[in-house]
Amino acid sequence: MAACSIVWFRRDLRLEDNPALVAAARAGSVIPVFIWCPAEDGQFHPGRVSRWWLKQSLIHLDTSLRSLGSPLIMRKAHSSLTVLLEIAEATGATQVFFNHLYDPVSLVRDHGVKQGLAECGISVHTSNGDLLNEPWEVYDDEGQAFTVFNAYWQKCLNMPSEPEAPLLPPRRLTGPIGKIVSYSAEELGLEDLSEKSSNALLARAWCPGWSHANKSLEAFLRGALLEYATDRQKVDGVTTSLLSPHLHFGELSVRKLFYEVHTKQFAWTREGSTVGEQNVTLFLRSIGLREYSRYLSFHFPFTHERSLLANLKSFPWRVDEGYFKAWRQGRTGYPLVDAGMRELWATGWLHNRIRVVVSSFCVKFLQLPWRWGMKYFWDTLLDADLESDVLGWQYISGSLPDGHELDRMDNPQLEGYRFDPDGEYVRRWLPELSRLPNEWIHHPWDAPLSALRAAGVELGTNYPRPIVEIGVARERLQASLAEMWEKEAALKASLANGMEEGLGETTEVPGTGGPSHERMDVHRVVVRRFAPHSGSFPRDQLVPDLPTESQQQAAASIMHQSIPIEEDIASTATMPPPVPSASAGMSLVGVSNPLEGHVRGSVDRSQSAQAAVPILDLDLNSTAESVVAGGRTESESGAVPIWSPSVPGQVQQQASAECLVPEVADVQQGGFSRRLTQSMLRVNQGAMASNKQDSEDDFFVPKREGKWKRTVKQQAKRNC
DNA sequence: ATTCAATTTTG
DNA sequence: AAAATTGAA
């Protein structure tokens, strides 16, 4: 009898160019499995729109697998491993195939699953189904992981071997013998009853599912790609590929996308069409950014909670839930920002330009911790993607060597006139401003009273005044930077003291000399590598095991927890350590165990690294840092306040939680009904529970000393 | 050819 | 916001 294999589908919901599926089909009969396992997602439980997409995509995949002869087995569980083992036992399957994922949660989970399966004598075969190049195949000349995008992408484009042509879908599949327990997509509970009406509207704009993804690709190749270079500036209309949700769930293989676009490029190059070539280069670059996001996530698996640059750890984030709320609701008083936030809320979609605008505003004007914004994006975006969003938020928040500077403050008014010159975008999403003439549409606060009155706008009532003036925001940001440097200096001094008292050289951080803000230290996690000349790279997924908080949480919930799903989610989201910023400040001095205040989920990384896996060499940076971490105080902002329930289980907790925000009377809690109608845009948000998680958090440092001096000068000039 | 201003690009 | 590029004078 032929071997029987499980294909574990995750975010590769397609039949075409799916290496795991093809390999399994070659080996014999195939059991396609999808496991819905929210317990393993920890704080990164997918939001409503994302779950809607997933559900539709699963239905679609199931239909096509059925027609090939082996329906999709769908299960809901607390542990992926348990389900895989159970199915293996029930069917006698001896092998499991799956494609690699690179987000921090998956890296740890898959590592555990692989070990667990191996211990039970089941062989595991994993493939690359998500990237052009595996992260461990691309290094710089010194053998180090890249930390800037351009160099990385150049290297990728010049790899010795061209990416292979995409694989065809299997013609037919042999299913398992006998019947296996399976849920229907409906029974997985991906969509709450209260969410259905809102979700119904999504179906008008989007068609999840791998064959629809292929159609979208076709449409893009014949449509927006032709004008991509020029049109991608425009914030309005269909100027981009709109493929990102398809890509997130792996309905479309990046390899195929690359292949198709590349083929076009050949044609255009032959015809000497420089415009066409330009289009393709630009589009492929955005594919490159997606690759890079996976690359970073793999090589720097802490970047979902800490900036890539190891400096700037003492930046005083503003832990202000009122600001956070105003931002989410699109009530900042800056029309372009508000329009973007309303569109996000209503549709789950934003043009990349607008994502940059609103996220910059969040970080620079409001000084909210970027992780808060990132979490909100995760909860609301249709194409929410952990790796891409981490990259995006680090990019705008001064956390990357090649990203925006921290003190770069883009002016939303100017951006408004650049990206939305006619104000159409703003008018669409801010109906209250729709009658305002172009002249004032992006800065209503300057408009004469008569103009406002004529347009039916009453600032402060109808539409808010700017939540913070640009000049004030700028000064505040500079002050915060100054504060940060002071703290950093103090920190360094105390660290130096500590060393004299016996820690010795072990805490020495390479490159410590010189002004700290001149350095651009990147936190490195050393992943075991194989000598380039040793022939082929390992085909298996490597796992850098830096046990960061949420990885540990995730890992813990995989392995040990057995609480009912709903409770579990609610607890990971709300239980967190009650370390309100006020009391945290007191724990600064005289804490015997520096990690005490951190409660659950936070563990001395130097210890846990040892306890964990030998693959990893933690470098000294991290060790030094874990010592320091416990002493940090009010800039603790790692905790992301809950902005709205993403699971029914949370609703009650929320209702009882105090709403910290006075202003705007909130309509409706708990219900997730947002609609595409404008009247509903008047804001409906759940209340926020204050959720002060312990926080290792975001830190970073400006990059050049010159920059600081210059900004001081500019400030002086402004003052004159 | 040279300079300055405007525009575009920047991960 | 700043650097790089283009274009007009």
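Structure: above.
Residues numbered from 1 in each chain as written. Chains lettered and ligands numbered in written order. Predicted model: local features only at pLDDT ≥ 70, side-chain atom pairs only at ≥ 80, totals over all residues. Heavy atoms only, no water.

K.L.:
What am I meant to see in the overall build of chain A here?
P.N.:
Within chain A, the regular secondary structure consists of 28 helices and seven strands. Within the span of chain A, comprising 720 residues, buried residues form 60% of the whole. Restricting the contact set of chain A to residue pairs at least 6 apart, pairs at least 24 apart contribute 81%. Accessible surface computed for chain A: about 28,600 Å², of which carbon and sulfur atoms make up 54%. (Helix = DSSP H or I, 4+ residues; strand = E, 2+ residues; numbered from the N terminus. Buried < 20%, exposed > 50% of the residue type's maximum accessible area, 1.4 Å probe, protein only. Contact = heavy atoms within 4.5 Å. Areas by Shrake-Rupley, 256 points an atom, 1.4 Å probe, with all protein chains shown as cover.)

K.L.:
Could you clarify how one ought to interpret the protein's contact with DNA strand B in this entry?
P.N.:
If you check the shell around DNA strand B, you find Phe149, Asn150, Gln233, Arg285, Leu289, Asn352, Arg353, Leu391, Gly392, Tyr395, Asp402 and Arg418 and nothing else. Close to the protein, within 4 Å, the atoms of DNA strand B belong to sugar or phosphate groups at a rate of 46%. Here asparagine 352 contributes a side-chain N or O atom positioned 3.3 Å from a base oxygen of DNA strand B. If you list the elements that add at least two residues to the surface near DNA strand B, you get α5 (149-157), α11 (274-299), α14 (352-365) and α16 (386-396). (Near = heavy atom within 4 Å. Polar contact = N/O pair within 3.5 Å; in protein donor to acceptor, adjacent residues only side chain to side chain.)

K.L.:
Could you clarify how one ought to interpret the sheet that holds strand β3 (residues 73-76) in this entry?
P.N.:
Two pairing modes exist for strands in a sheet, parallel and antiparallel, and in both the strands are linked by backbone hydrogen bonds. With parallel pairing, five strands are arranged side by side in an open sheet as β3-β2-β1-β4-β5. Both outer strands of the open sheet, β3 and β5 (123-127), are each paired with one neighbouring strand and no more. Here the average twist between neighbouring strands, direction ignored, is 25°. Pairing of strand β4 (residues 95-99) with β5, which is carried by five bridges, proceeds in the parallel orientation. Of the residues in β5, the one forming a bridge with glutamine 95 is serine 123. (Pairing = 2+ DSSP bridges. Axes fitted to C-alpha atoms, helices over the stretch in contact; angles between N-to-C directions.)

K.L.:
Looking at this model, I keep getting lost on the packing of aromatic side chains. Mind explaining?
P.N.:
How two aromatic rings sit relative to each other is given by the distance of their centres and the angle of their planes. Applying the stated criterion across every chain, the model contains 27 aromatic pairs. Measuring from centroid to centroid gives 5.1 Å for tyrosine 152 and tyrosine 292, while their planes differ by 40°, and the two rings are tilted. Of this pair, tyrosine 152 sits in helix α5 while tyrosine 292 is found in helix α11, placing the two residues 140 residues apart along the sequence. Given the relative accessible area of 1%, tyrosine 152 is considered buried. Tyrosine 292 gets classed as buried once you look at its relative accessible area, which sits at 1%. Site record: aromatic cluster; members linked through ring pairs are Phe146, Phe149, Tyr152, Trp153, Tyr292 and Tyr295. Between the NZ or CZ atom of arginine 10 and the centre of the ring of tryptophan 8, over which it lies, the distance is 4.4 Å. Lying across the ring of tryptophan 349, arginine 355 places its NZ or CZ 5.3 Å from the centre. (Phe/Tyr/Trp six-rings, centres within 6.5 Å; stacked < 30°, edge-to-face > 60°. Lys NZ or Arg CZ within 6 Å of the ring centre and 35° of its normal.)

K.L.:
How do you make sense of the pattern of salt bridges when you look at a structure like this?
P.N.:
Charged atoms that come close allow side chains of opposite charge to pair. Counting across every chain of the model gives 22 salt bridges. Residue arginine 11 is joined to aspartate 103 by a salt bridge in which the shortest nitrogen-to-oxygen separation is 2.6 Å. Of this pair, arginine 11 sits in the loop between β1 (3-9) and α1 (19-27) while aspartate 103 is found in the loop between β4 and α4 (104-119), placing the two residues 92 residues apart along the sequence. A relative accessible area of 4% places aspartate 103 in the buried class. Between arginine 294 and aspartate 130 there is a salt bridge whose closest N-O contact spans 3.3 Å. In this pair, arginine 294 is assigned in helix α11 and aspartate 130 in the loop between β5 and α5, connecting sequence segments 164 residues apart. For arginine 294, a relative accessible area of 1% gives the class buried. Classification of aspartate 130 by relative accessible area gives buried; the value is 8%. (Salt bridge = Lys/Arg side-chain N within 4 Å of Asp/Glu carboxyl O.)

K.L.:
Would you explain the layout of surface pockets in this entry?
P.N.:
To find leftover empty space, a probe the size of one water molecule is rolled over the atoms. Here the largest pocket is characterised by a volume of approximately 1,600 Å³. Taken together, 50 residues form the lining of the largest pocket, with Ser286, Leu289, Asn352, Arg353 and Val356 sitting closest to its centre. For the lining of the largest pocket, the secondary-structure elements that each account for two or more residues are α5, α9 (244-248), α11, α14, α16 and α17 (412-419). By residue number, the principal contributor to the lining of the largest pocket is α11, which donates ten residues. For the lining of the largest pocket, a count of residues per class yields 23 nonpolar, 13 polar and 14 charged. (1 Å grid on protein atoms, 1.4 Å probe; cavity = no way out; pocket = protein on both sides within 12 Å on 5 of 7 lines; lining within 4 Å. Points joined across faces, edges and corners; volume = space filled by probe spheres on them. Nonpolar A, V, L, I, M, F, W, Y, C, P; charged D, E, K, R; others polar.)

K.L.:
Just checking my understanding: could you explain helix α13 (residues 335-347) for this structure?
P.N.:
An α-helix turns once every 3.6 residues. As a result, residues three or four positions apart point the same way. Taking 1.5 Å per residue as the helical rise, α13 with its 13 residues ought to reach 18 Å, and the 18 Å between its terminal C-alpha atoms agrees with that figure. Two residues or fewer past α13, glycine 348 is found with a positive phi of approximately 75°. (Expected span 1.5 Å × (residues − 1).)

K.L.:
What exactly am I supposed to notice about the packing of α5 against α11 here?
P.N.:
Working note: a packed helix pair is described by the angle between its axes plus the distance between those axes. Where α5 contacts α11, the axes come no closer than 10 Å and their chain directions differ by 105°. On the basis of the axis angle, α5 is roughly perpendicular to α11. Between α5 and α11, the residues in contact are Phe149, Asn150, Tyr152 and Trp153 and Leu284, Arg285, Gly288, Leu289, Glu291, Tyr292 and Tyr295, respectively. Here the residues of the contact of α5 with α11 sort into seven nonpolar, two polar and two charged. (Parallel < 35°, antiparallel > 145°, perpendicular 65-115°, else oblique.)

K.L.:
Help me understand the environment of tryptophan 317 in this model?
P.N.:
Take tryptophan 317: it is sitting in the loop between α11 and α12 (321-329). Through-space distance from the C-alpha of tryptophan 317 to that of leucine 366 is 9.0 Å; in sequence the pair is 49 residues apart.

K.L.:
When you look at the environment of alanine 229 in this model, what are you seeing that I'm missing?
P.N.:
Mapped onto the elements, alanine 229 comes out in helix α8 (residues 228-231). In this structure the C-alpha to C-alpha distance between alanine 229 and asparagine 279, which are 50 residues apart in sequence, comes to 4.8 Å.

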